[in-house]
Amino acid sequence: MPELNFDKVISSLKLRLENVHEELEFDLISKEFLGRDSLISEERKKLKNLSDVDKKDYGQVITNVSTEINDLISNAKNSFKNKFYENLEQSEIFDLTVSKQKDFGSYKHVLTSVMEEVVDIFSSIGYKVAYGPEAETAWHNFDALNTPDWHPARYESDTLYLDKDLTKLLRTQTSTVQIRHMENNSPPVYIVAPGRVYRSDQLDATHSPVFHQLEGLAIDENLTFTDLKGTLEYFVKQYFGNNIETKFIPHFFPFTEPSAEVLVKWNNGEWLEILGCGMVDPNVLSNVGYEKKFQGFAWGVGIERLAMLKYKINHIKNFYENDIRFLRQF
Ligand code: DAH
């Protein structure tokens, strides 16, 4: 009884079906495997020479194989067609949620991000956020902060006043929020106050008449300079990274005694000043009516400066010019 290796036929059919690229090919394959000149037809032709029994058996085998081939081809054709329409659907899908100008409009300004980052660092150790007005009284900006009448910061050449009597001004520092907060809240106090400040400064690489600061204030019963150092060192490491070196050097501010400046050691070995701080002067605490048993520390840090150092920005005007090529880098 003639016996074609039907397994081989089926395997080669399967291979062909896996590599179809066009629907038309299925008809060609069908012809090749089942048509007049196919191997199957050749086998069928041989049936007439077989005995009745063999004819019946082999005929059955050929019929089974033909059915199998037919099924394989029509299944493959169906799934090819389905895939084709699925792909078409996918490629034509119209996503209404995708913005046409997806590169624009969803970035935070780098100053906002740095401000939020700094606020987050202090929030993580228990500080609450407080705000104050930008148009201020000279009392909140200077007097209550123990700044005497003769202090140069009060000169009109430094401060933008809003009236002739020099009693109202655009705040020159966020330290005003210390006073406003303590006037309305009893100790303990642990706050940070982010905000915009104004100075009568010419624009140069590191100065702008409007810029941003973050003020910090901690008042409690047993706070010491050690707490101040630990807190600010923690901040500096969180912001610049654990390997940064810091040092505190003596300084003067009217509202703190003693006062200090914090410097960080930059890659090139240079020490750069990043913030002012100190133990809150007892005069400030008595100006807001706090009992003598309370003491604490305060600091003020410039946000532009922090951003310029971290991102190596060489001119402060970059922050305000709104040049999209600068802004979208962050
Ligand atoms: N207000 C200061 C400034 O604008 C910064 C500052 C220094 C704030 C020392 C403080 C402080 O609270 O204790 O330069």
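Provided above is the structure to which this section pertains.
Parameters at a glance
- Residues numbered from 1 in each chain as written.
- Predicted model: local features only at pLDDT ≥ 70, side-chain atom pairs only at ≥ 80, totals over all residues.
- Heavy atoms only, no water.
- Near = heavy atom within 4 Å.
- Polar contact = N/O pair within 3.5 Å; in protein donor to acceptor, adjacent residues only side chain to side chain.
- Areas by Shrake-Rupley, 256 points an atom, 1.4 Å probe, with all protein chains shown as cover.
- 1 Å grid on protein atoms, 1.4 Å probe; cavity = no way out; pocket = protein on both sides within 12 Å on 5 of 7 lines; lining within 4 Å.
- Sits in = over half its atoms within 2 Å of the grid points.
- Helix = DSSP H or I, 4+ residues; strand = E, 2+ residues; numbered from the N terminus.
- Nonpolar A, V, L, I, M, F, W, Y, C, P; charged D, E, K, R; others polar.
- Buried < 20%, exposed > 50% of the residue type's maximum accessible area, 1.4 Å probe, protein only.
- Pairing = 2+ DSSP bridges.
- Phe/Tyr/Trp six-rings, centres within 6.5 Å; stacked < 30°, edge-to-face > 60°.

Undergrad: Could you give an account of the site of the ligand, naming the residues involved and the relevant values?
TA: For the ligand, the set of nearby residues contains 15 residues, the closest of which are Q173, S175, R199, Q213 and E215. Take R199: an N or O atom from its side chain is 2.8 Å from an oxygen atom of the ligand. Starting from 360 Å² of accessible surface for the ligand in isolation, the protein chains cover 90%. Taking a 2 Å distance to the grid points as the criterion, the majority of the atoms of the ligand fall inside the largest pocket. Residue assignment for the shell around the ligand shows that the elements contributing at least two residues are β5 (210-220), β8 (271-280) and β9 (295-302). Taken together, the residues of the shell around the ligand sort by class into 5 nonpolar, 8 polar and 2 charged.

Undergrad: So what's going on with the pairing of β8? Residues and values would help.
TA: Among the 10 residues that make up β8, 8 are buried, leaving the element largely enclosed by the rest of the structure. Bridge count between strand β7 (residues 256-265) and β8: 8 bridges; the pairing is antiparallel. Across the sheet, the residue bridging to K265 is W271, located in β8. Here β7 folds back onto β8, and the loop between the two strands holds 5 residues, one of which, G269, carries a positive phi near 90°.

Undergrad: So what about the packing of aromatic side chains? Which residues, and what values?
TA: Counted under the stated rule, the structure contains 19 aromatic pairs. Measuring from centroid to centroid gives 5.0 Å for F122 and F235, while their planes differ by 25°, and the two rings are stacked. Taken together, the residues span a long stretch of sequence, with F122 in helix α5 (residues 110-123) and F235 in helix α8 (residues 225-240) at a distance of 113 residues. The buried category is assigned to F235, whose relative accessible area is 0%.

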